[in-house]
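# Architecture at a glance
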Amino acid sequence: MNELVEVQYALDTFYFLICGALVLWMAAGFSMLEAGLVRAKNTTEILTKNMALFAIACTMYMLIGYHIVYLGDGGSILPDFGFLIGAENSADGVLASGGDTYYAARSDFFFQVVFVATAMSIVSGAVAERMKLWSFLLFAVFMTGLIYPVQAYWSWGGGFLDEAGFSDYAGSGIVHLCGAAAAFAGVLVLGPRKGKYGKNGAINAIPGANMPLATLGTFILWLGWLGFNGGSELKLSDISSANAVAQVFANTNAAASGGVIAALILARLWFRKADLTMGLNGALAGLVAITAGPSAPSILAATLVGAVGGVLVVFAIVALDKLRIDDPVGAISVHGVVGIWGLLAVPLTDGDAGFGAQLLGMATIFIWTFGASLVVWLAIKAVMGVRVSEEEEYEGVDVAECGLEAYPEFTGGKR
């Protein structure tokens, strides 16, 4: 019996770590996607932001975030605040549990920490090309150390949303809507890029510099998302869990495919062109849509959930532009609008979930994250400013913020 428990513990720990590594690889996906969708003169800075925010997220979650979500013994609303990530499981304790302790505590921390980094990566693209680097990184400290952990505690840490029956398997709301709400607050404080919007409602397209990079980033995210959703099963070492993991992998892939197809068809009908950027965002929308409930649907149903996400993201990107909300990579649409759809789609395929609890969770995550983020953004603006000067924005933030051009062979790197 002890040997079986040890094998199960080792297998589930290894699976958790591999899935965490896949989610970590999503940081490369976000970096490449954003680097492809911004102009050449802003590439170095966006890469610096993605590298630094990941390091900040890992450090802040280690210091206080993980304790807030999982280690305290707080009430249903107010979590306990503490430091560090607790002790590792002892061999005697694991064996005494008879298999109820699935995996090493450190593997759980590693898997969870890359989720908070994902939420922060969503903010990066939405505020691209005009935000001060160090203002962004200061916000990352608050986002990953406090804002994200508090709302994650309400759901995954046993708080009042969990008690209410809110269901979010891998984070359509807890990760993606949270990141989008923080990004939305930042965009409102920051304002649009110069030249994006003209008089009489004119909307001027600002194309990205590198579509191959953006496409590579999307495929990296698609791959990493298998760990994002698959690892959220938390266990692999029995038949039921193994079957559930396989279903999650298949459904995640199917939803992304449905999102691509639907977004491209809609773009062709609406714009008369097969818009690649809409196809890329369609894939991500499908992935976001299925994340709240990837284990319950059939593969066909998962494809349809993703397809609805692909349609929604096209409409949302156009609508936000008409509202003069400038989001260079479509992050608010992909992760926010479609994150809401993902939460509401869960009761359609999971009889244990209800629309009331899903609406409560959706509203709570958005209100908390948007409100707390707005306070932090405004405080940072008052203390050190959030936006680069007009001259720096025109010349490109690469030189102003990083002193280095990503494509120095091009004159001035200003394309």
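Owing to the predicted nature of the structure, the values given are computational and were not obtained by experimental measurement. (Residues numbered from 1 in each chain as written. Predicted model: local features only at pLDDT ≥ 70, side-chain atom pairs only at ≥ 80, totals over all residues. Heavy atoms only, no water.)

### Quick look at the confidence of the model for the protein
Going by this rule: pLDDT: the predictor's confidence for each residue, scored from 0 to 100. Labels follow the DSSP assignment, with helices taken as runs of H or I lasting at least four residues and strands as runs of E lasting at least two, numbered in each case from the N terminus.
For the protein, the mean per-residue pLDDT works out to 93, and 98% of the residues sit at or above 70. Within the protein, helix α3 (residues 91-96) has the poorest average pLDDT of any element, 80, and helix α13 (residues 355-384) the best, 98.

### Describing the packing of aromatic side chains
Going by this rule: Pairing of aromatic rings covers Phe, Tyr and the six-membered ring of Trp, with a centre-to-centre limit of 6.5 Å; geometry is then stacked below 30 degrees between planes, edge-to-face above 60, and tilted otherwise.
Counted by the stated rule, this structure contains 19 aromatic pairs. Between the aromatic rings of Tyr 61 and Tyr 148, the centroid separation amounts to 6.4 Å while the plane-to-plane angle is 65°, which identifies the pairing as edge-to-face. Of this pair, Tyr 61 sits in helix α2 (residues 43-71) while Tyr 148 sits in helix α5 (residues 133-156); the two residues are 87 residues apart in sequence, bridging distant segments of the chain. Where Trp 225 meets Phe 228, the ring centres are 5.7 Å apart and the plane angle is 50°; that geometry is what we call tilted. Here the residue Trp 225 and the residue Phe 228 both occupy positions in helix α8 (residues 211-230), the gap between them amounting to three residues, near one helical turn.

### Here we look at empty space enclosed by the protein
Going by this rule: Definitions used for this entry: grid spacing 1 Å over protein atoms alone; cavity, a set of points where a 1.4 Å probe fits but cannot get out; pocket, an open set with protein on both sides within 12 Å along at least 5 of 7 lines; lining residue, one with an atom within 4 Å of a point. Grid points are joined across faces, edges and corners, and a volume is the space filled by probe spheres set on the points. Each residue gets one label: Ala, Val, Leu, Ile, Met, Phe, Trp, Tyr, Cys and Pro are nonpolar, Asp, Glu, Lys and Arg are charged, and the others, such as Gly, are polar.
Enumeration over the complete set of coordinates arrives at four cavities of 30 Å³ or more. There is about 70 Å³ of room inside the largest cavity. Of all the secondary-structure elements, those providing two or more residues to the lining of the largest cavity are α1 (2-37), α4 (105-126), α10 (276-291) and α12 (331-349). Broken down by class, the residue content of the lining of the largest cavity amounts to seven nonpolar, four polar and one charged. Forming the boundary of the second largest cavity are Ala 289, Ile 290, Gly 293, Pro 297, Val 305, Gly 342, Ala 345, Val 346 and Thr 349. At the level of secondary structure, the elements contributing two or more residues to the lining of the second largest cavity comprise α10 and α12. Per-element tally for the lining of the second largest cavity: the top contributor is α12, with four residues. Of the residues belonging to the lining of the second largest cavity, the class tally is six nonpolar, three polar and no charged.

### Notes on a nonpolar patch on the surface
Condition: Note on patches: the residues involved have over 30% relative accessible area and no salt bridge, like charges join within 9 Å, and the nonpolar side chains Val, Leu, Ile, Met, Phe, Trp and Tyr join within 5 Å. Surface accessibility in these figures is a Shrake-Rupley result with a 1.4 Å probe; residues are shielded only by whichever protein chains are displayed. Salt bridge criterion: a side-chain nitrogen from Lys or Arg within 4 Å of a carboxyl oxygen from Asp or Glu. The buried label applies to any residue whose accessible area, calculated with a 1.4 Å probe on protein chains only, is under 20% of its type's maximum; exposed applies above 50%, and partly exposed to all values in between.
Together, Trp 134, Leu 138, Phe 142, Val 383 and Met 384 make up an exposed nonpolar region whose accessible area comes to about 520 Å². Mapped onto the nonpolar patch, the elements with two or more residues apiece are α5 and α13. Per element, the largest residue contribution to the nonpolar patch is three residues, and it comes from α5. Accessibility expressed as a relative area gives 34% for Met 384, which makes it partly exposed.

### A few points about the layout of surface pockets
Gaps left between atoms show up when a probe the size of a water molecule is rolled over them. In this model, the largest pocket occupies a volume close to 640 Å³. Lining the largest pocket are 27 residues, with Lys 196, Thr 277, Met 278, Ile 317 and Asp 321 sitting closest to its centre. Listed by contribution, the elements that provide at least two residues to the lining of the largest pocket are α10 and α11 (299-322). With five residues, α11 is the largest single contributor of residues to the lining of the largest pocket. Tallied by class, residues from the lining of the largest pocket come to 14 nonpolar, six polar and seven charged. Considering only enclosed or pocket space, the second largest pocket measures out at about 450 Å³ in volume.

### Focus on the pattern of salt bridges
If you walk through the whole model with that rule in mind, you get seven salt bridges. Of the charged contacts, one joins Glu 129 and Arg 39 as a salt bridge, the two residues approaching to 3.1 Å between their closest N and O atoms. Pair noted here: Glu 129 is in the loop between α4 and α5 and Arg 39 is in the loop between α1 and α2, with a separation of 90 residues, a long-range link. For Glu 390, the salt bridge goes to Lys 194, with nearest N and O atoms at 3.7 Å.

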